[in-house]
Amino acid sequence: KDSHCAYTMTTTRPRKNLLLLSVAALALLSTTPLLTYAQDAATADIVEDDVTDLGDVIGDAMGDITEGLDEEVVDLDDAAAASAEESSESEEAATVDDATATADETTTTAESTAEATAESKTDEQTQPQAEEEEEATPPPAQTGPFIDLFGEVLLSLEMVDETHAQVHQHYTNEVLSGKKVVGLYFSADWCGPCRQFTPDLVNFYDKMNARRGKKDEFEIIWVSRCRDVDSFGQYFTHMKWLALPPQEAMGQRGQYLGEKFKVKSIPTLVLLDEIGNVITLDGRNKIPMDKAGVGFPWRSPMSVLVSTLFPRSFRLLLKSQIAGVLEKAKAVLGGATRGGGAAAR
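Residues numbered from 1 in each chain as written. Predicted model: local features only at pLDDT ≥ 70, side-chain atom pairs only at ≥ 80, totals over all residues. Heavy atoms only, no water.

**Structural notes on helix 6 (residues 229-236)**
Here is the rule: Classification of residues uses two cut-offs on accessible area relative to the type maximum, computed with a 1.4 Å probe and protein chains only: under 20% is buried, over 50% is exposed, and between them is partly exposed. Working definition: helices are DSSP H or I runs of at least four residues, strands are E runs of at least two. Numbering for both runs from the N terminus. To obtain the arc, one takes the directions from the helix axis to the C-beta atoms. The contact rule is simple, with two residues in contact once any of their heavy atoms fall within 4.5 Å. A 3.5 Å cut-off defines polar contacts: any pair of N or O atoms within that distance qualifies, except that in protein one atom must be a possible hydrogen donor and the other a possible acceptor, and neighbouring residues in sequence count only when both atoms are side-chain atoms.
Of the positions making up helix 6, those classed as buried are Ser 231, Phe 232, Tyr 235 and Phe 236. All buried residues of helix 6 lie within an arc of 130 degrees about the axis, which places them on one face of the element. Residues of helix 6 that are exposed and angled more than 90 degrees away from the buried face: Val 229, Asp 230 and Gln 234. Tucked inside the fold, the buried residues of helix 6 contact strand 1 (153-159), strand 3 (181-187), helix 5 (192-209), strand 4 (218-224), strand 5 (242-243) and helix 7 (246-249). The distance from a side-chain oxygen at the start of helix 6 to the backbone nitrogen of Asp 230 is 3.3 Å, and the residue carrying that oxygen is Asp 228.

**Looking at the pattern of salt bridges**
Note the threshold: Salt-bridge detection follows one rule: a side-chain nitrogen of Lys or Arg within 4 Å of a carboxyl oxygen of Asp or Glu.
For the structure shown, the criterion picks out three salt bridges. One salt bridge connects Lys 240 with Asp 206, and the closest N-O pair in it is separated by 2.8 Å. Taken together, the residues span a long stretch of sequence, with Lys 240 in the loop between helix 6 and strand 5 and Asp 206 in helix 5 at a distance of 34 residues. Taking the relative accessible area as the measure of exposure, Asp 206 reaches 30% and is therefore partly exposed. Glu 248 serves as the salt-bridge partner of Arg 253, at 2.7 Å between the closest nitrogen and oxygen. Its relative accessible area of 23% is what places Arg 253 among the partly exposed residues. Overall, Glu 248 belongs to the partly exposed group, its relative accessible area being 30%.

**Focus on the nonpolar core**
Counted only if it meets this: Side-chain atoms within 4.5 Å are what join buried Ala, Val, Leu, Ile, Met, Phe, Trp, Tyr and Cys residues into a set we call a nonpolar core.
Counting residues in hydrophobic clusters, the biggest one holds 49 residues, and the most contacted among them are Phe 150, Tyr 185 and Trp 222. Of all the secondary-structure elements, those providing two or more residues to this core are helix 3 (145-150), strand 1, strand 3, helix 5, strand 4, helix 6, strand 5 and strand 6 (268-272). For this core, the element with the highest residue contribution is helix 5, accounting for seven residues. When neighbours within four sequence positions are excluded, Phe 150 is seen to be in contact with Thr 172, Leu 176, Val 182, Leu 184, Ile 221, Leu 244, Arg 253, Leu 257 and Leu 272.

**Thoughts on the side chain of Thr 198**
With respect to the helices and strands, the residue Thr 198 is situated in helix 5. You can call Thr 198 buried: its relative accessible area is 2%. Beyond its immediate chain neighbours, meaning those up to four positions away, Thr 198 contacts Tyr 185, Ser 187, Tyr 235, His 238, Met 239 and Trp 241.

**Considering a positive patch on the surface**
This is how it is decided: Exposure above 30% relative accessible area and no salt bridge define the residues that can form patches, which grow by joining like charges within 9 Å and nonpolar side chains of Val, Leu, Ile, Met, Phe, Trp and Tyr within 5 Å. Here the Shrake-Rupley method, with its probe set to 1.4 Å, supplies the accessible areas, and only the displayed protein chains count as covering residues. Charge convention: Lys and Arg are scored as positive, Asp and Glu as negative, and His as well as the terminal groups of each chain are ignored. All charge positions are set by atom: Lys at NZ, Arg at CZ, Asp at CG, Glu at CD.
A cluster of basic residues, Lys 260, Lys 262, Lys 264 and Lys 330, forms a positive patch at the surface. Among the secondary structure elements, Lys 260 is positioned in helix 8 (residues 252-260). A relative accessible area of 42% means that Lys 260 is categorised as partly exposed.

**Some details on a nonpolar patch on the surface**
Among the surface-exposed residues, Met 302, Leu 305, Val 306, Leu 309, Phe 310, Phe 314, Leu 318, Ile 322 and Leu 326 lie close enough to one another that they form a single nonpolar patch of about 810 Å² accessible area. Listed by contribution, the elements that provide at least two residues to the nonpolar patch are helix 10 (301-309) and helix 11 (312-344). Look at Phe 314 and you get partly exposed, because its relative accessible area is 37%.

**Here's the deal with the environment of Leu 272**
Tracing the backbone shows Leu 272 in strand 6. The buried category is assigned to Leu 272, whose relative accessible area is 0%. Once the C-alpha coordinates of Leu 272 and Gly 183 are considered, the two residues, 89 residues apart in sequence, prove to be 6.1 Å apart. Those residues in contact with Leu 272 that lie beyond four places of it in its chain are Leu 149, Phe 150, Lys 180, Val 181, Val 182, Leu 184, Phe 261, Asn 277, Val 278 and Ile 279.

Next comes the structure, spelled out in structure tokens:
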């Protein structure tokens with residue numbers, strides 16, 4: 001069909017030209033109707049030829065458009081297929097990446113959990129070991145005159161708030177280290193004079209420990225004469241110093257200290273020097289007479305002379321030697337007394 005239309009387009013054009021020339025010649029020779037007829041015929045052929053040419057052009061254009069559309073459709077199909085393949089590949093890659101990331105996160109979480117579990121187990125294992133080591137660690141060996149008098153442990157009390165308190169334990173030599181004067185306070189909650197004197201003693205204690213150049217050189221140890229532990233705890237809240245444990249104070253040690261320092265009534269305040277020698281047995285009456293502590297700790301002239309001439313280490317050695325001699329003398333005297341009694345029988 002295309003070739004026929006093309007052939008018609010190439011073979012009809014010379015004939016139309018010849019006809020136009022004939023018509024033109026006739027028009028010149030003939031009358032007006034012939035010219036009009038020739039013009040009409042030429043016009044009809046031209047219109048026909050134009051119509052034919054327009055159809056051919058439209059047909060060719062439609063063919064080109066159809067081919068273009070087919071190519072575009074093919075291209076669009078190919079592009080859609082390619083896009084679908086790329087999307088599928090992207091989704092697969094994203095899925096693989098997500099799976100890898102999830103696996104990495106799972107691995108990381110598992111490692112973190114394992115590390116945390118291991119650390120927790122290590123802490124759990126370390127804590128009992130530390131507690132066992134603390135329990136297994138023996139207390140430091142303590143010797144000296146204060147250990148002989150008070151034992152190895154002394155107590156202090158800390159007020160947490162207005163209605164609660166906490167008791168702390170201290171090693172005797174550590175808590176009394178650096179103290180120049182140590183007082184023994186025999187007192188009880190059921191004793192009226194004791195309850196009256198205790199606030200005065202608290203004020204005096206604070207004043208002596210605030211003195212310039214002698215700060216915190218004075219310590220008091222309370223030897224309780226309370227009847228039970230609850231009373232001990234209640235009365236202890238009114239004091240700022242140390243105390244013997246209640247079972248010690250109300251037991252043999254408290255009785256021993258009372259006999260050693262000739263305690264006949266309470267309240268009684270005995271003052272000792274830094275090696276345990278007696279300074280005064282009458283601190284209870286010294287304080288009201290010297291509330292400012294001008295003569296504190298009221299040493300005797302001989303005691304002042306000895307403490308000035310001889311250092312603490314020498315006085316401590318001398319005391320231990322004298323104590324050894326006295327013990328031997330008591331043992332000898334005791335043996336002689338028993339021997340004399342047996343001979344008398």
